[in-house]
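One letter stands for each residue in the lines below.
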Amino acid sequence: MTENTLRARLCAWITEHQLEPGMRLPSERALAAEFGSSRSSLREAIQQLISSGVLISKRGGGTWLRQPQQPWSEQRIVEPIRQLLAEDPDYRYDILEARHAIEASTAWHAALRATEADKERLAYAFDALLKIKQSDDADLAAQADLRFHLAIAEASHNVVLLQTMRGFFDLLQSSVLHSRQRMYTHPVIFNRLNEQHQAMFDAVMAGDAETARQAAMDHLGFVHTTMKTLHEDEARQARITRLPGHQPQHKENNG
């Protein structure tokens, strides 16, 4: 039995016995008897799985199923920024700036490289976005919005850009959700956003790279500027309420 075959059998055995991360494997003697192999061959198969990150060997403590580690992007990029956002929500503008740079590139490449299958997925995502735009469920709407943007990133066929977008998915979802809550209650802004998504979609589907890039930049530039304006207006209103003698306005109850 080759080491590759033994390695495959060992992986299958782990799955069949429903071992979970952090659980210990039986001894080499017991596993060798289980598979009818030599201990040296089994030891080599185990070493291959250790090298690939499936197993971990503890000195004097046997072999264990490794605890899954967070992706590098989650550990080094997303989590630190998530902590910054928790401390200061204004870091959301940094996220929008990052999106501005990334999505201008994904839109450009998507227009040049999208296959028919990519365009079909993009059309499906765009249709879902249009159907849900009137929804009162801001979280659901934010997910549809991001799926549309990720569909463009997938159509770019640039692994680095796509993985960056996916790594930022949670942060982007927070950004889009916040944007929708603040902007989609304003009819004029709401209509502009719909027009911008339409422009991005049309340009990618038509294979017009420059127009797609510009549409993405216009869209995220508009979001950034509008968010800042709304935030400043709210901060101004908050300051007014703290003025001496200010009387809060109460809505009349006509019911």
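Right above here is the structure, for reference.
Because the structure is predicted, anything quoted here is derived from the model rather than measured.

What follows is about the packing of helix 2 (residues 28–35) against helix 3 (residues 39–51). Axis separation between helix 2 and helix 3 bottoms out at 9 Å; the angle between their running directions is 105 degrees. As summarised for this structure, helix 2 and helix 3 are arranged roughly perpendicular, according to the angle between their axes. In this structure, helix 2 contributes Glu28, Arg29, Leu31, Ala32 and Phe35 to the contact, and helix 3 contributes Arg39, Leu42, Arg43 and Ile46. Counted by class, the contact of helix 2 with helix 3 contains five nonpolar, no polar and four charged residues.

Okay, the pattern of salt bridges next. Summed over all chains, the structure comprises six salt bridges. Salt-bridge contacts for arginine 121 lead to aspartate 118; the nearest nitrogen and oxygen are separated by 2.5 Å. With a gap of three residues between them, arginine 121 and aspartate 118 both fall in helix 6 (residues 116–132), about one helical turn apart. Judged by its relative accessible area of 4%, aspartate 118 is buried. With its nearest N and O atoms 2.6 Å apart, the salt bridge here joins arginine 213 to glutamate 210. Linking arginine 213 with glutamate 210, this pair stays in helix 11 (residues 209–241), spanning three residues, or about one helical turn. Given a relative accessible area of 38%, glutamate 210 falls into the partly exposed group.

Let's shift gears to helix 3. For helix 3, with 13 residues, the first-to-last C-alpha span of 18 Å sits near the 18 Å given by 1.5 Å per residue. Turning to helix 3, its buried residues number three or more, namely Ser41, Leu42, Ala45, Ile46 and Leu49. Axial view of helix 3: buried residues confined to an arc of 135 degrees, hence all on one face.

What counts as what
- Residues numbered from 1 in each chain as written.
- Predicted model: local features only at pLDDT ≥ 70, side-chain atom pairs only at ≥ 80, totals over all residues.
- Heavy atoms only, no water.
- Axes fitted to C-alpha atoms, helices over the stretch in contact; angles between N-to-C directions.
- Helix = DSSP H or I, 4+ residues; strand = E, 2+ residues; numbered from the N terminus.
- Parallel < 35°, antiparallel > 145°, perpendicular 65-115°, else oblique.
- Contact = heavy atoms within 4.5 Å.
- Nonpolar A, V, L, I, M, F, W, Y, C, P; charged D, E, K, R; others polar.
- Salt bridge = Lys/Arg side-chain N within 4 Å of Asp/Glu carboxyl O.
- Buried < 20%, exposed > 50% of the residue type's maximum accessible area, 1.4 Å probe, protein only.
- Expected span 1.5 Å × (residues − 1).
- Arc of directions from axis to C-beta.

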